Amino acid sequence: MKSLSCKYALFASGVLCLLIWQSCKKAESIKPQIADSSQNAIAKNNVSVLTTSAGDSLFQRILTPRTSTNPVPIKSAIKICSDPKGNLYVTCSFTNYVGISKVTPQGVVSQFGGPVNTAGIKAAKNGDIYIVGYNNNKYGIGRITPDGVIHYLTITGQQLKEPTDLALSDDGTIYITDIGLHQVLKVTPQGVCSALAGSATAIGSADGTGQQAHFTNPTSIRLSADGLLWVIDGNENNLTGQTIRKVTLTGSVSTKYILNYVGTRDDYIRNIAIAKRDKNFNLSPYESIFILHRSNKITHWGTNGVETPLNIYSKNANPYEEYSISLFTDVTSICIHENAIYIPESYNYYNFVVRKITKYK
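Residues numbered from 1 in each chain as written. Predicted model: local features only at pLDDT ≥ 70, side-chain atom pairs only at ≥ 80, totals over all residues. Heavy atoms only, no water.

## What to know about the overall build of the chain
In step 1: A count of helices and strands for the chain gives three helices and 28 strands.
In step 2: Expressed as a percentage of the 361 residues in the chain, the buried residues total 51%.
In step 3: Within the chain, contacts between residues at least 6 apart in sequence are counted, and of these 46% link residues at least 24 apart. (Helix = DSSP H or I, 4+ residues; strand = E, 2+ residues; numbered from the N terminus. Buried < 20%, exposed > 50% of the residue type's maximum accessible area, 1.4 Å probe, protein only. Contact = heavy atoms within 4.5 Å.)

Following this line, the structure appears as structure tokens:
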């Protein structure tokens, strides 16, 4: 009887350890484990959960010909963000100058903030819009109030060389990817800039902390709610958009995602968005990363490490085809607001539109 009791105790201990392990596994960091993203897998697994049907699209509202409410088309869209009220801000170039297009939830387009050259754009919780780019004959950071007035920040310490994107924290700290310095920079609310991670004298894909970590062509950055920075980076071959690196706020860098070539060797990561949504775009307590590929593919990268394609995609899609098949042409950026994904897309070489994409019903 004593021996049997010991066996039961050992069995219970084993079950408890297994449960603890499963719990830890569920909450662990995202890992680069790629699922089959072929067209056959999409059809077989029925994971095409996104739709851009006519009722859900901003396509016709932004498309030319121009109207009194939409006087200027979007041209050469680069980045997109949304503010707390659901307004979209698209960095782009107009016919005669570069600037920002503001798109209301009703689809009305207007110029916002005057002629500014923006490489990255983010909205603060108070409605201010922050940009980073080349203006006034130098690279810098600008804050645009909701009424369109631009205030340029004075930066001391490390100066920007070729910034590509920025992320905002609630305490006013700004994080910047700089492709010229191959670094992630940190700018305090007082304007003091310093290197958070990466080396200005060495490039590559080395993981580590501070200058021991190396970046190659860091193009985009996102700050998740759990206080982690996610950076789109190149690889040791100096290619753009091949990896996603996790950066802690203390400057520790680790590579979590490596692009898996399926169907094309010239694919790369255009942009990412972070949201508490699962692969079916349902609300989730866990944050996931939505990846926009150059091949016009949208994928969900979950906390279990599995990447799931969310749309039928084609490199040479016709934007005038049926919306429900979710084909795109030249996609550039991605953001998520509430229950929709927004993506600027080129319907021809000169004019861009913004797709509103929702869960397939």
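Following the structure, the description resumes.
## Digging into the environment of Ser 333
In step 1: For Ser 333, the position within the fold is in the loop between strand E25 (330-331) and strand E26 (335-337).
In step 2: A relative accessible area of 0% places Ser 333 in the buried class.
In step 3: Distance from Ser 333 to Ile 80, taken between C-alpha atoms, is 6.0 Å for residues 253 residues apart in sequence.
In step 4: Among the polar contacts listed, one links the side chain of Ser 333 to the backbone nitrogen of Ile 80, at a separation of 3.3 Å.
In step 5: Side-chain polar atoms of Ser 333 contact the side chain of Asn 271, separated by 3.0 Å. (Polar contact = N/O pair within 3.5 Å; in protein donor to acceptor, adjacent residues only side chain to side chain.)

## Description of the sheet that holds strand E13 (residues 174-178)
In step 1: Ordered by their spatial adjacency, five strands build an open sheet running E11-E15-E14-E13-E12, and the pairing between neighbours is mixed. Sheet topology places strand E11 (156-157) and strand E12 (163-168) at the edges, where each strand pairs with a single neighbour.
In step 2: In terms of strand pairing, E13 meets strand E14 (residues 183-187) through five bridges, oriented antiparallel. The residue bridging Ile 176 from the neighbouring strand is Leu 185, located in E14. (Pairing = 2+ DSSP bridges.)

## What to know about the UniProt feature "repeat: NHL" (unreviewed entry) in the chain
In step 1: Cross-referencing UniProt, the feature "repeat: NHL" (unreviewed entry) maps to residues 156-190 in the present numbering.
In step 2: When the span residues 156-190 is considered, its composition is 0% helix and 51% strand, and the gap between its end C-alpha atoms is 9 Å. (UniProt positions renumbered as here; feature names shortened; annotations may be inferred.)

## Side note on the environment of Asp 207
In step 1: Tracing the backbone shows Asp 207 in the loop between strand E15 (192-197) and strand E16 (208-209).
In step 2: Assessed through its relative accessible area of 40%, Asp 207 is described here as partly exposed.
In step 3: Within the structure, Asp 207 has its side chain in polar contact with the side chain of Thr 255 (distance 2.9 Å).

## Remarks on the side chain of Thr 91
In step 1: Within the element layout of this structure, Thr 91 appears in strand E4 (residues 88-93).
In step 2: Engagement of the side chain of Thr 91 in a polar contact is seen with the backbone nitrogen of Lys 79, the distance being 2.8 Å.
In step 3: Residue contacts for Thr 91: discarding those within four places in its chain leaves Ser 76, Ala 77, Ile 78, Lys 79, Gly 99, Thr 118 and Ile 121.

## Here we look at the confidence of the model for the chain
In step 1: Looking at the chain, pLDDT values average 77 and 69% of them are 70 or higher.
In step 2: pLDDT under 50 marks residues 316-326. Its contacts with residues more than four places away, or in other chains, come to 25 contacts. (pLDDT = per-residue confidence, 0-100.)

## Examining the packing of aromatic side chains
What describes a pair of aromatic rings is the distance from one ring centre to the other and the angle between the planes of the rings.
In step 1: Taken as a whole and judged by the stated rule, the model has five aromatic pairs.
In step 2: Among the aromatic residues, those joined into a ring-pair cluster are Trp 230, Tyr 257 and Trp 301.
In step 3: Above the ring of Phe 215, the side-chain terminus of Arg 245 is found at 4.9 Å from the ring centroid. (Phe/Tyr/Trp six-rings, centres within 6.5 Å; stacked < 30°, edge-to-face > 60°. Lys NZ or Arg CZ within 6 Å of the ring centre and 35° of its normal.)

## Observations regarding the sheet that holds E16
In step 1: Strand order in the open sheet formed by five strands is E16-E20-E19-E18-E17, with antiparallel pairing between adjacent strands. With partners counted over all chains shown, the strands left at the sheet margins are E16 and strand E17 (220-223), one partner each.
In step 2: Pairing of strand E19 (residues 243-248) with strand E20 (residues 252-258) involves five bridges; the strand directions are antiparallel. In the sheet register, Val 247 faces E20, and the bridge partner there is Val 253.

## Comments concerning the pattern of salt bridges
In step 1: Applying the stated rule across the entire model yields seven salt bridges.
In step 2: The residue Asp 165 makes a salt bridge to Lys 122 at a minimum N-O spacing of 3.1 Å. In this pair, Asp 165 sits in strand E12 while Lys 122 sits in strand E7 (residues 118-123), placing the two residues 43 residues apart along the sequence. Both residues of the pair, Asp 165 and Lys 122, count as buried.
In step 3: Between Arg 222 and Asp 165 there is a salt bridge, with the nearest N and O atoms lying 3.2 Å from each other. Here Asp 165 lies in strand E12 and Arg 222 lies in strand E17, a separation of 57 residues in the sequence.
In step 4: For Arg 222, a relative accessible area of 10% translates into the label buried.
In step 5: If you follow the salt bridges from partner to partner, you end up with Lys 79, Lys 122, Asp 165 and Arg 222 in one network. (Salt bridge = Lys/Arg side-chain N within 4 Å of Asp/Glu carboxyl O.)

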